[in-house]
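# A look at the structure
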Amino acid sequence: MSFSRRQTSTERVRYSASPVAGERSHDAATGNVRPQHGESEEPVTSNVGQNYPYTSETDADRAATIARLVSERDGLAATLSSESTPLDGHDRWWVWKCPTKGCPGLLHAAGYAADKHAVFVVCDGTCGKTYLR
Ligand SMILES: [Zn+2]
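Summary of the structure given here. (Residues numbered from 1 in each chain as written. Predicted model: local features only at pLDDT ≥ 70, side-chain atom pairs only at ≥ 80, totals over all residues.)

## Observations concerning the overall build of the protein chain
Here is the rule we go by: A helix here means a DSSP run of H or I that spans at least four residues, while a strand means a run of E at least two residues long, and both kinds are numbered starting from the N terminus. For the exposure call, what matters is how many other C-beta atoms sit within 10 Å of a residue's own: 20 or more marks it buried, 12 or fewer exposed, and in between partly exposed, using C-beta atoms placed from the backbone. We call two residues in contact when the distance between their C-beta atoms, placed using the backbone, is within 7 Å.
When you go through the protein chain residue by residue, the secondary structure sums to 5 helices and 6 strands. For the protein chain, the succession of helices and strands along the chain, N to C, is α-α-α-β-α-α-β-β-β-β-β. For the protein chain, the residues scored as buried account for 15% of the 133 residues in total. Here the contacts in the protein chain between residues at least 6 apart in sequence split such that 55% fall between residues at least 24 apart.

## Here's the deal with the pairing of strand 3 (residues 92–97)
In plain terms, the rule: At least two bridges found by DSSP between two strands is the condition for calling them paired.
Sheet topology note: the strand 1 (residues 55–58)/strand 3 ladder contains 4 bridges and is antiparallel. Opposite Ser 56, over in strand 3, you have Trp 94 as the bridge partner. In this structure, strand 3 lies alongside strand 4 (residues 106–113), joined through 3 bridges in antiparallel fashion. Of the residues in strand 4, the one forming a bridge with Lys 97 is Leu 106.

## Some details on the nonpolar core
Where a protein is soluble and globular, its nonpolar side chains tend to be buried together. Note the following rule: Think of a nonpolar core as buried Ala, Val, Leu, Ile, Met, Phe, Trp, Tyr and Cys residues chained together by C-beta atoms that fall within 7 Å.
If you look at the biggest cluster of nonpolar residues, it comprises 13 residues, and the most contacted ones within it are Leu 107, Ala 109, Ala 110, Val 121 and Val 122. Within the residue set of this core, elements represented by two or more residues are strand 3, strand 4 and strand 5 (119–123). Ranked by the residues each element gives to this core, the list is headed by strand 5, at 5 residues.

## Digging into the environment of His 117
Tracing the chain through its elements places His 117 in the loop between strand 4 and strand 5. According to the C-beta neighbour criterion, His 117 is exposed, with 8 such atoms within 10 Å.

## Things to note about the environment of Tyr 52
Checked against the element boundaries, Tyr 52 lands in the loop between helix 3 (43–46) and strand 1. By C-beta crowding, Tyr 52 is classed as exposed, having 12 other C-beta atoms within 10 Å.

## Observations concerning the pairing of strand 4
As paired strands, strand 2 (residues 84–85) and strand 4 are joined by 2 bridges and run antiparallel to one another. Bridged to Thr 85 within strand 4 is Tyr 112. As judged from the 5 bridges shared by strand 4 and strand 5, these two strands associate in the antiparallel manner. Pairing of Tyr 112 across the sheet is with Val 119, part of strand 5. As consecutive antiparallel partners, strand 4 and strand 5 are separated by 5 residues, and within that stretch Lys 116 has a phi angle of approximately 70°, a positive value.

Here you go:
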């Protein structure tokens, strides 16, 4: 009689322990959902489409880069003055990846295109080209 009672109490402990473990693993699974959701917003940055901005820079950084490029490249100042008009006072400007094959440069805003429907940008890389964005 005493032998069969002991078996019953052992089974009861095991039975009640199992739902607790199940609840814990459920909580852990719920906690994992948030980091995965945050990562799903990243592809916008890493998906570098040629017409989408790559990053942005302050107007001071932009002006310094353009001033350096103008001083390094013959004819760039003339190109900018004949094909573009000065930018107005934005705090930040977009920076694009240069679309030239093999050129690691970035495109910096230098002015507005003469018709003002595009931003006149200059590559700071090896190709040294200008584009409209
Ligand atoms: Zn380039």
